[in-house]
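Observations on the three-dimensional arrangement
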Amino acid sequence: MDDAILILDFGSQYTQLIARRLREAGIYCEIFGWRSAKALEFAKKTATKGIILSGGPESVTEAGAPAVPQALWDVKKPVLGICYGMQTLTAHFGGRVERGTTREFGHANITADHGNALFAELPEENFSVWMSHGDHVTQAAEGFAVAATSHNGLVAAVADDARKIYGLQFHPEVTHTAFGGAILQRFALDICGCRATWTPDHIVETAIENARQQIGNKRVILGLSGGVDSSVLAALLDKAVGGNLTCIFVDTGLLRLDEGDKVMRMFASQKGLNVIRVDAAEKFFAALQGVADPEDKRKIIGRCFVEIFEEEAGKIENAAFLAQGTIYPDVIESAGAGSGGKKNDGGAHVIKSHHNVGGLPEEMGLELVEPLRLLFKDEVRKIGEELGLPRDMVYRHPFPGPGLGVRILGEVTAEAADILRRADDIFIEELQTAELYDSVSQAFAVFLPVRSVAVMGDGRAYEPVIALRAVETVDFMTAGWAHLPYDFLDRVSRRITGEVKGVSRVVYDISGKPPATIEWE
């Protein structure tokens, strides 16, 4: 195991950003909910050098508020508390946290004291940070010095160099905080003593070795979708086990235009992998008939995938493993599925379940192998390049595992899927022609379950509506809608209504994340 930082999650919307900032600096880390028994196991490992406490939506002034388990304090590793994390450590050590009449949200200016190890090498004493809190520390705990104050005179940071315990009321993980990355690196590298070994070549070597150890000489089946995650996984497993890999490409009928033929050409001829194509559109549409709830659709699609894999596995001698392209955000966002589907063990509400980690039957008949399970999307892309995959494939826009099933709002039908895939293809083609594709992070079309009156030729029509969605984001945790040129949107709209029979109205989604999510379902 690499030198690592444990991130204890109290339900903050920014927890994943902490991990991403550390990983970007070459520092390995993992996220555990504050109630997770695995957190203590991870903390006790020699390679775990420190603990970061995330923010959260709760108040330490309330009875039964989430807190760091005493057993984690007993491991005596360096600790950095962020927002709620600072408040809970202050309360634990006997300081005072109160509800404030002055709340700080968004940009704030702070004055930092450089006389502590965390801030010692910052180039400036006064800088802008990102705040998001109502409660505040009114008295630092014994042994802690106030290390920074905000322009409102509130405590913005505390420090105890002797015990290597620090607290920040602001969020260093967001890009709005000046020197935020430097502060996190200072804690992990200098105070905790981590080594920055988490690099693309090291990730590839580690993933290949782990896959070889898990799979051995047995055969593994990979569900190949043609998306970034499964494509990178195919290349990685090809390096790890070679001829023991069989890829099964399931044509669900919910893929992009001509996706099936493109996938077969790319992998069968270019990579020389053993790829079996299964045309299963009828099975998926039958299973989805009459189903409108997005969570139900995801679980049905996931279950169909597994059933098909099990059926194909029976035809492959010694098949023992099912490989999936599950990545870290899938795991984190689906964490609540095992506890009633409402909250995960960090207290964060579940946003959605993923077909890779939700909806799986208890008895699959195949053991899961998920080499990408602890990687973020940007890390998957980097190792894809490291493995020599074409850039245009590695940097394709994200496509959901359930495919068009969650871009068709309401009931999923073959007719709706056909309309949507053609509209989506026009949108993507025009983005590429206008050289706008790489400037947006994700773009796609959505089939809306409403009909709109239109005049087509000399007659009236009452037809479905297509919504276009394009966003710009660094980390996919927050996103802004892409300000595409009006003449471009006009051209796309005219092409869709003119070339896709059954569509008479096109709208453009101008919602940011938050409050909206990137996908509509």
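Residues numbered from 1 in each chain as written. Predicted model: local features only at pLDDT ≥ 70, side-chain atom pairs only at ≥ 80, totals over all residues. Heavy atoms only, no water.

Some details on the packing of helix H6 (residues 200–215) against helix H12 (residues 377–386)
Rules: Axis lines are fitted to C-alpha atoms, over the contacting stretch for helices. Their N-to-C directions set the angle, which ranges from 0 to 180 degrees. For the purposes of this entry, the term helix denotes a DSSP run of H or I that reaches at least four residues, the term strand denotes a run of E that reaches at least two, and both are numbered from the N terminus. Roughly parallel means an angle under 35 degrees; roughly antiparallel means over 145; roughly perpendicular covers 65 to 115; every other angle is labelled oblique. Any two residues whose heavy atoms approach within 4.5 Å are treated as being in contact. Think of it as three bins: nonpolar holds Ala, Val, Leu, Ile, Met, Phe, Trp, Tyr, Cys and Pro, charged holds Asp, Glu, Lys and Arg, and polar takes everything else, Gly as well.
With their axes 9 Å apart at the nearest point, H6 and H12 run at an angle of 85 degrees to one another. The angle between H6 and H12 falls in the class roughly perpendicular. Along the contact surface, H6 presents Pro200, Asp201, Ile203 and Val204, while H12 presents Lys382, Ile383 and Glu386. Grouping the constituent residues of the contact of H6 with H12 by class yields four nonpolar, no polar and three charged.

Concerning the pairing of strand S10 (residues 219–224)
Looking along a regular strand, one sees the side chains alternate between the two faces of the sheet. The test is simple: Each residue is placed in one exposure class: buried if its accessible area under a 1.4 Å probe, protein chains only, is under 20% of its type's maximum, exposed if it is over 50%, and partly exposed if it falls in between. In this scheme, strands are said to pair when DSSP sees at least two bridges between them. Place the viewer so that the strands point away; then a crossover is right-handed whenever the path from the first strand over the helix to the second strand goes clockwise.
Taking burial as the measure, the six residues of S10 include six buried ones, the bulk of the element. Burial of the side chains of S10 extends over both faces: Arg219, Ile221 and Gly223 are buried on one face and Val220, Leu222 and Leu224 on the other. As judged from the five bridges shared by S10 and strand S11 (residues 245–251), these two strands associate in the parallel manner. The partner of Leu224 across the bridge, within S11, is Phe249. The β-α-β motif built from S10, the intervening helix H7 (residues 228–241) and the parallel element S11 has right-handed crossover chirality.

A short note on the sheet that holds strand S12 (residues 275–279)
Ordered in space as S12-S11-S10-S13-S14, the five strands form an open sheet in which the pairing is parallel. Whereas interior strands pair on both sides, the edge strands pair on one side only; in this sheet they are S12 and strand S14 (367–369). Averaged over all pairs of adjacent strands, the angle between strand axes in this sheet comes to 30 degrees, irrespective of strand direction. Sheet contacts for H6: S10, strand S13 (319–323) and S14; angle to S14, the most-contacted strand, approximately 170 degrees.

With respect to the nonpolar core
Definition in use: As used here, the term nonpolar core means buried Ala, Val, Leu, Ile, Met, Phe, Trp, Tyr and Cys residues forming a set that is joined through side-chain atoms within 4.5 Å.
Residues Leu8, Leu53 and Phe267 are the most contacted members of the largest nonpolar core, which totals 69 residues. In terms of residues, this core owes the most to one element, H7, which gives nine residues. Membership of the second largest hydrophobic core comes to 51 residues, among which are Ala313, Leu322, Ala416 and Leu431.

Thoughts on the environment of Leu118
Relative to the elements of secondary structure, Leu118 occurs in the loop between strand S5 (96–112) and strand S6 (126–139). As a C-alpha pair, Leu118 and Lys49 span 69 residues in sequence and 16 Å in three-dimensional space. Excluding residues that lie within four positions of it along the chain, Leu118 makes contacts with Leu80, Tyr166, Leu168, Ile183, Arg186, Phe187 and Ile191.

Things to note about unusual backbone geometry
Between Lys513 and the following residue, Pro514, the backbone shows a cis peptide bond with an omega angle of -10 degrees. Following the sequence through the fold, Pro514 ends up in the segment after strand S18 (505–508). Its identity is not glycine, yet Lys76 carries a phi of approximately 55 degrees, on the positive side. Positive phi values are uncommon outside glycine, yet Lys164 reaches one of about 55 degrees. Inspection of the secondary structure puts Lys164 in the loop between strand S8 (155–160) and strand S9 (165–168).

Quick notes on the sheet that holds strand S3 (residues 48–53)
Strand order in the open sheet formed by nine strands is S2-S1-S3-S4-S9-S8-S7-S5-S6, and the pairing between neighbours is mixed. A strand with exactly one partner marks an edge of an open sheet, and here the two such strands are strand S2 (28–33) and S6. The mean angle between the axes of side-by-side strands here comes to 25 degrees, regardless of whether they run parallel or antiparallel. As defined by bridge partners, strand S7 (residues 145–150) adjoins S8 across four bridges and the pair is classed as antiparallel.

Side note on the pattern of salt bridges
Here is the rule we go by: Whenever Lys or Arg places a side-chain nitrogen within 4 Å of a carboxyl oxygen from Asp or Glu, that contact is recorded as a salt bridge.
Counted according to the given criterion, the structure contains 28 salt bridges. Arg469 is the partner of Asp509 in a salt bridge, and the nearest nitrogen-oxygen pair spans 3.3 Å. In this pair, Asp509 is assigned in the segment after S18 and Arg469 in strand S16 (residues 459–472), connecting sequence segments 40 residues apart. You can call Asp509 buried: its relative accessible area is 10%. With a shortest N-O distance of 3.0 Å, Asp490 and Arg494 are connected by a salt bridge. You can see Asp490 and its partner Arg494 sitting in helix H15 (residues 486–499), four residues apart, about one turn around the helix.

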